[in-house]
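So you can see what is in the structure, the chains are spelled out below.
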Amino acid sequence: MVVLLALLAVPLHAGGGDASGSVDFNREVKPTLAARCFKCHGGVKRKSGLSLLFRDQATARLRSGKRAIVPGEAAASELLRRVTAEDPDERMPPDGKPLTAEQIDALRRWIAAGAPYDTHWSLVPPAKTTLPRLRDSRDVRGAIDVFIAASLEREGIEATRPADRATLIRRLSLDLIGLPPTIDEIDAFENDRSPDAYERLIDRLLASPRFGERWARRWLDLARYADTQGYEKDNRRTIWRYRDWVIDAFNRDLAYDRFTIEQLAGDLLPDAGNNQLLATAFHRNTMTNTEGGTDDEEFRVAAVMDRVNTTWQVWMGTTFGCVQCHSHPYDPFKHEDYYRFLAFLNNTEDSDKPDERPTVATPTPEQSRRIEALERELASARELLGRSTPELAAARQRWTEQIAGARGWTTPRVESATAESDVALRALDDGSLLVAADASAANDAYTLRLEPGDRGRLTALRLEALPHESLPANGPGRAPDGNFVLSGIAVSVVLADGSEERLVELSRARADFEQKDFPVAHVLSNPDVARHGWAVHPQAGKPHEAVFVASSPVELAAGDRLVVRLEHRYGQPEFTLGRFRVSITGDPARVAAGDVPPAVVQAASRAPEERTAEESAELERVFRELAPELAPVRARIAALEKERASIQPPTTPILRELPADRRRTTHVFTRGSFLDPAEAVEPGVPQAMHALDDAPGDRGSGGGASADRLAMARWIASPGNPLTGRVAVNRVWEQLFGIGLVETSEDFGTQGTLPTHPELLDWLAVRFTGDFAWSMKRLLREIVTSAAYRRSSAATPELLARDPKNLLLARGPRLRLEAEMVRDQSLAVSGLLSSTMFGPSVMPPQPDGVWQVVYSGDSWKTSPGADKYRRGLYTFWRRTSPYPSMMAFDATSREYCTIRRLRTNTPLQALVTLNDPVYVEAAQALARRIVREGGRDVASRLRYAFRLCLGRPPVDLEIERLSALVTSELEHFRADADAAHALATSELGPAPEGLDHAELAAWTVVGNVLMNLDEFLTKG
Amino acid sequence: MEPLFESLRETTRRHFFGQCKVGIGAMALASLLAEERRAVAASRAEGSALPGLPHFRPRAKHVIYLHMAGSPPQQELFDHKPALKKHDGQPCPAEYLEGERFAFIKGTPRLLGTPYEFRPHGRSGTLVSELLPNISRCIDDIAVVKSMHTDFFNHAPAQMFLHTGVQRFGNPSMGSWLVYGLGSENRNLPGFVVLVSGGKVPSAGKSVWGSGFLPTIYQGVQCRSSGEPVLYLGDPRGMSRDVRRRSLDAIRDLNRIRYEQHLDPETVTRIGQYEMAFRMQMAVPGAMDIAREPAHVLESYGASPGGASFANNCLLARRLVEQGVRFVQLFDWGWDAHGTGKHDDIIHQLPKKCGETDRPIAALIEDLKNRGLLDDTLIVWSGEFGRTPMNEKRNNSKFLGRDHHPHAFTIWMAGGGVRGGITHGETDELGYFAAEKKVHVHDLQATILHLMGIDHEKLTYRFMGLDQRLTGVTRESHVQHELIA
């Protein structure tokens, strides 16, 4: 491969290594410096005071008085003298082989040319080059193929033939929607002879809702999305709305620049709605530490640093994390650059709090639909309530007369009035009671014994709270501001002979005024007496009244007494009534009127023509709220409102910027320690890159204190950013081909690998950010229509020898499926897979004892019904104990951003797909499917099973081999009914009527074999 | 090179196929069989270790790490502090508290002398607490390090720091590094096995035996003492070993047919891994079955088959090491002696934990010694940090206990080239700070690697643009040569 890359390197950049003897710094010099010199003379270590990282440092006079590089004067440069020194003690580098003659020559020519430090290739904006000319363009479907064919021609390598249609549709389905094609889909594609059959297949897959699920899965690794907070306690976190946002964003092909800006700074967009707020949960996927005694600021800073590192990793393929402790050891980023960038992200409200605030409560699409329906029904019910009919007009007339003529309140004589405390209650002439001014004013309860007089009835009771000059702020309460909080009331009737005391049930209450959050309804039903009750702030100092209505009229005999108890149990003392009066009525009209504001009663008592228009309207409104004729409509409205209020939208942690007066100053931290802050810095982007104000946008900002997170996001999502487009395109390429055009997709810097096809990478990046307007679907379409993508993945010994990793793309991709796809595919071919999308994460079966939770009593509860068959990306993800079978297939714990998953090949994976009950169940379901749908004879069943699982029919040898297995297993299970029963039904449950256990067990073995084939686990 | 790891050693495989490239196209089914055998043989010939490893003659081949999760109080066990007893109940001197942060202690705490007696043991006369009568018996095989210190005082970060060298998640644990560097000796068992007792996993979760940025094959495999010893090890119900064998044969044959068409080396690897899985299915249950031990051995450890206990895990550790497992990691929960109640104090809980562990640990040392395994098996005993010389007295608790303390703690090592019967380092008069021959956590890691024949600065893995290593990239770490015999 060394030879190969060297060959590839020649035509990469115009001007590289041309005849004039100039030298391409990035291709010929920097790799040598990076590999052999930077370790001791770079950002971290500067032996002998020398750093070769930046030109000013490399050319500076050293402590020894020498200069490593004297531009233009190779002979005077200590560097050249040392790398060519004969004496091993003098020669650099001190260990390993000396530099080669070519390397030394390149250094000499470079210094002679003035030692220009060219910008690293990935920091030079990409540009479309003219397409190379090919000798043979038979195998070319588009520009992608031109670039690839050019390098294959240079290498003298022939590409493999196109893959057959069955292979192609399986590859494409797995790549675009993460699921295998059905037999019908394969048939349709194989039989479609129209010239655009493949293109229409692409369009169908790109339009599938499964598309968003498959591509969101990838993004969720980058976003380190999980369902718990991480660290020691690792409590649950509700943030699945973000996962759903990502799925939806891919499905509607949200442009990648907008996708970027919404996630990094959606909250700051001028048109920010719930969707944009949800997007910002991207950076709320950082971990939260709720262990006792931890310093919130320490972990807040850790989260912000993670956001900085993740932003650079995800969008710019740059390992920025090193810069938090020191200048980047290999790339042109300085220590201060890190903290200037951190300043963009350092002013959000979140601060490692257990409750994850700030959060936003947003209805799910399903909830939104229900809310919309409820609102519609409410509107029509309200319309009905307002509708006029002659019957209602007549009823209103009667009602108006009734409330106008209602008898008034009578104030019974107070036989006794006592307080729970020693406070004295003095009766005044008007029947009211006054608390002595000098009495202490703690919580208290007053008990009044009243004489209603002659026989009569009680329908309602009125409590007047009255001012008095002896009370603080004139009362009516005894709190310093004249307020009170009435916590409860109890009314009972004591029979004249004292034989019995009957509690009067009170059904409702109203007051002329209620303090906010202190409604009179609390007096009848108090959720917490220390915090709730009836109060009147800021309307203290004035008289107020509350009316309490009996559930049903109470008949009073002569001599019966009424006992009224008024409770004050508010959390603070002094909030007791200071002067008050209790009146009663027995007139139902009075009760009706009692529900009516006094102003309306007054209006009712006047002739219609004497009422103002407002008074008439108010009269009408109050009537409709009380009229028994309209009770069903009102009940309907109440029920609808109750349901509306019961819809609890899930809350999601989001980013929210601190208000101006609470903004944090960002400091450089010495060696990355938050306990060691140095000088303050203002937000900004690294000096080695394009300026912040190069980013377009309506709030473009020149950097400095005025630059905000939104400006940063726009700076990233700009076609002018040399990294963003390349990194995104490369990631997509990597998903499809297994290896990116830049293999180190996490590192586009000096320590990363060089692009194998730099012109192709740039060409795609320019297409993506320009022609395609950042559309992921258009980018994908462009790549999967290439001939390179459609090639057979079968290797030849020559190809394997020349290019084992397939970097030259002479053959199609062949890769083991990622963890979630392994699961999804097994469930899909067995027919178990649930197509339900979105919602809280689910818990498919997991072995007992995997979750051992130290503090919370949280446990894994297998989701009921079809939820245990949901796609892998909906699996509940606990960071300290992720779903074990997917971890075996290289899923990540999601504690931190993962750019590239490994693709290992281990015995533990074999144990999962052989023995995990989830996969055993899938094999059992597959067996039933084969037996029912696959025909009668073994060969036809095998053909069916092969097409289900692998998308292709078996070859004779394969039929032969599996027929032998079927025969031996049938024989085995016919002889062992218990084993047959167990293997056919253990996970899936009883077999349908008429199916033979031995047969099902034998086919379960076959299903298990098929789902463990290398080909099944591989996209080929 | 062991099959368990061969798939991941891309270089190895490339190397093999590079050598064999000429014949591959013509390979028939029969010859593929031979190729598989040769692949294993070729890789085995390279040795199980990375090229150049070990860097020098190893003193130990295996490690058994006994982690008392929560962290035991050194004052009650090894770090005898008469001054602390003398000043028991007095306020902690102010100069110690300036600028200090504690997990739970508030205000000015009071010193707490140990209620336990210490006596000299062995020829070395090392002072050991009455709580550890059996370990005392083995003291001449043990090197006690009293001057340990760490950078973190919360469980999860401190545990991560101890096992991965970094307090954050995402870095490989010591066992992963060792298996990555040295490979395994048993082709049927994982090279890095984790055993947990006390009912709970450590605070930092499975990340303390994770492989971080190393390939997942190097992560610790948690073997469970109840249920299946390795997840998904058991065949489905109704599937006998014969059926499994026949189905694996079918998988192998079909994979070979496919391989003929595609020539993907991953297919060959997968065939090998399925065989390895089958061997694990056969070997692991036996290796994990302590019922096979004679009664007197069970008795000496206090082990009882079928249960989940620290004693069982100690016995298992010996069985695994005996069969060539490179790194056995034990975690025992319940040592976090804050003194908030009977369940976590030093009067009731600590003696209970000592009772559960003292006898099995002594039995392990003696058993290994009797079998001649102690010489190349390194045993390390530690918590993740120390505990304060002061009584924590959270919410005026009446129970005695100590808060988390990073500045001083005691660990010990035995076997595997360790100089027995010595005490290394001292703390100050009150045992507040490590005072003499201070040993940082990274120094301990460097020393363990050294005993395994590894230069800790040379066992590296490139990640995030840096050559990462167990001892971290920023601090200079020192092998503690005085600990080595």
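Our subject is the structure that appears above.
Residues numbered from 1 in each chain as written. Chains lettered and ligands numbered in written order. Predicted model: local features only at pLDDT ≥ 70, side-chain atom pairs only at ≥ 80, totals over all residues. Heavy atoms only, no water.

So what about the overall build of chain A? Which residues, and what values?
On a plain count of helices and strands, chain A comes out with 35 helices and 17 strands. In terms of C-alpha radius of gyration, chain A reaches 40 Å, well past the compact-globule figure of 31 Å for 1020 residues. Summarising its shape, the C-alpha atoms of chain A cover approximately 125 × 90 × 55 Å along the three principal directions. Per-residue burial over chain A gives 58% buried out of 1020 residues. (Helix = DSSP H or I, 4+ residues; strand = E, 2+ residues; numbered from the N terminus. Rg over C-alpha atoms; globule rule 2.2 N^0.38 Å. Buried < 20%, exposed > 50% of the residue type's maximum accessible area, 1.4 Å probe, protein only.)

Hey, could you go over the sheet that holds strand β10 (residues 386-391) of chain B for me, with residue numbers and the actual values?
All names here are of chain B. Read across the open sheet, the 3 strands follow the order β2-β10-β11; overall the sheet is antiparallel. Because the sheet does not close on itself, it has two edges, and the strands there are β2 (110-111) and β11 (402-405). Pairing of β10 with β11, which is carried by 3 bridges, proceeds in the antiparallel orientation. Bridge pairing in β11 places G386 opposite H405. (Pairing = 2+ DSSP bridges.)

Could you give an account of the interface of chain B and chain A, with specific residues and numbers?
With 79 residues of chain B in contact, the opposing surface of chain A contributes 82 residues. Together chain B and chain A conceal approximately 6,800 Å² of surface at their shared face, both sides included; 60% is due to carbon and sulfur atoms. For the interface between chain B and chain A, the tally reads 5 salt bridges. At the junction of chain B and chain A, the tally comes to 17 residue pairs in polar contact (both at pLDDT 80 or more). Those elements that place two or more of their residues in the side of chain B that touches chain A are α2 (10-20), α8 (155-164), β7 (221-222), α10 (241-262) and α11 (265-287) of chain B. The element that contributes the greatest number of residues to the side of chain B that touches chain A is α10 of chain B, accounting for 15 residues. (Contact = heavy atoms within 4.5 Å. Buried area = accessible area lost by both parts, 1.4 Å probe. Salt bridge = Lys/Arg side-chain N within 4 Å of Asp/Glu carboxyl O. Polar contact = N/O pair within 3.5 Å; in protein donor to acceptor, adjacent residues only side chain to side chain.)

Requested: an account of the packing of aromatic side chains, with residues and values cited.
All names here are of chain A. Taken as a whole and assessed by the stated rule, the structure comprises 45 aromatic pairs over all chains. Between F341 and W715, the aromatic rings sit 6.4 Å apart at their centres with planes inclined by 55°, giving tilted as the arrangement. Of the two residues, F341 sits in helix α15 (residues 335-345) while W715 sits in helix α23 (residues 709-716), which places them 374 residues apart along the sequence. A relative accessible area of 0% places F341 in the buried class. Ring centres of W733 and F737 lie 4.4 Å apart, and the angle between their planes is 20°; on these two criteria the pair is classed as stacked. Here F737 and W733 lie together in helix α24 (residues 724-737), a separation of 4 residues that amounts to about one turn. Given the relative accessible area of 1%, W733 is considered buried. A network of ring pairs unites the aromatic residues W219, Y242, W245, F250, Y256, F259, F282, W315, F768 and W774 as a single cluster. Sitting over the face of the ring of F282, R224 holds its NZ or CZ atom 5.3 Å from the ring centroid. (Phe/Tyr/Trp six-rings, centres within 6.5 Å; stacked < 30°, edge-to-face > 60°. Lys NZ or Arg CZ within 6 Å of the ring centre and 35° of its normal.)

Account for the nonpolar core, with residues named and values stated.
With 133 residues, the main nonpolar core has L66 and W412 of chain B as its most contacted residues. The leading source of residues in this core is helix α35 (residues 997-1010) of chain A, at 9 residues. Sequence-distant contacts of L66 of chain B, that is, excluding residues within four places in its chain, are made with F310, L330, I361, L364, I379, V380, W381, S382 and W412 of chain B. Residues W245, L278, V304 and V732 of chain A belong to the second largest nonpolar core, which totals 121 residues. (Core = buried A, V, L, I, M, F, W, Y, C linked by side-chain atoms within 4.5 Å.)

I'd like a rundown of the sheet that holds strand β7 (residues 488-494) of chain A, residues and numbers included.
Residue and element names in this part refer to chain A. The strand order across the open sheet built from 5 strands is β2-β5-β11-β7-β8, with neighbouring strands paired in antiparallel fashion. A single partner strand is all that each edge strand has here, and the edge strands are β2 (413-419) and β8 (501-503). Ignoring which end each strand starts from, the neighbouring axes of this sheet average 20° apart. Across 7 bridges, strand β5 (residues 444-451) lies against strand β11 (residues 561-568) in antiparallel orientation. Paired with T447 across the two strands is R565, which belongs to β11. (Axes fitted to C-alpha atoms, helices over the stretch in contact; angles between N-to-C directions.)

An account of the pairing of strand β4 (residues 126-129) of chain B is requested, with residue identities and associated values reported.
All names here are of chain B. Inspection of the sheet shows strand β3 (residues 118-121) paired to β4 by 4 bridges, in the antiparallel sense. Bridge pairing links R119 to V128 in β4. Connecting β3 to the antiparallel partner β4 that follows it, the hairpin turn spans 4 residues, and G122 within it adopts a positive phi of roughly 65°.

Before we move on, could you go through the packing of helix α7 (residues 165-177) of chain A against helix α10 (residues 209-222) of chain A and cite the residues and values that matter?
All names here are of chain A. As a packed pair, α7 and α10 sit with axes 6 Å apart at the nearest point and diverge in direction by 70°. With respect to α10, the axis of α7 lies roughly perpendicular. Where α7 abuts α10, its residues L174, D175, L176 and I177 lie against R210, F211, R214 and W215. Among the residues forming the contact of α7 with α10, the class breakdown is 5 nonpolar, no polar and 3 charged. (Parallel < 35°, antiparallel > 145°, perpendicular 65-115°, else oblique. Nonpolar A, V, L, I, M, F, W, Y, C, P; charged D, E, K, R; others polar.)

Lay out the environment of H67 of chain B with the relevant residues and their values.
All names here are of chain B. Relative to the elements of secondary structure, H67 occurs in strand β1 (residues 62-69). Looking at H67, the relative accessible area reads 0%, which means it is buried. Measuring from C-alpha to C-alpha, the distance between H67 and L483 comes to 19 Å, with 416 residues separating the pair along the chain. Excluding anything up to four places from it in sequence, H67 contacts Q159, L162, H163, Q329, L330, F331, D332, S382, G383 and E384. Within polar-contact distance, the side chain of H67 engages the side chain of H163 at 2.7 Å.

Before we move on, could you go through helix α14 (residues 296-316) of chain A and cite the residues and values that matter?
All names here are of chain A. A rise of 1.5 Å per residue sets the reference length of α14, with its 21 residues, at 30 Å; its end C-alpha atoms lie 29 Å apart and thus fit the reference within 8%. Of all 21 residues in α14, 17 are buried, a share of seventy percent or more. Taken from the residues just after α14, G317 is the one with a positive phi, measuring 50°. (Expected span 1.5 Å × (residues − 1).)

With reference to specific residues and values, describe the packing of α8 of chain B against helix α15 (residues 441-451) of chain B.
Residue and element names in this part refer to chain B. At a closest axis distance of 8 Å, the pairing of α8 and α15 adopts a crossing angle of 30°. In terms of their interaxial angle, α8 and α15 are classed as roughly parallel. Listed contacts from α15 to F161, L162 and H163 of α8 are V441, H442, L444 and Q445. Of the residues belonging to the contact of α8 with α15, the class tally is 4 nonpolar, 3 polar and no charged.

Quick one: what's the story with the side chain of T357 of chain B, residue by residue and with numbers?
Residues and elements named next belong to chain B. Within the element layout of this structure, T357 appears in helix α14 (residues 349-370). Its relative accessible area of 2% is what places T357 among the buried residues. If we ignore the near neighbours within four places in the chain, the residues touching T357 are M68, F310, D332 and W335.

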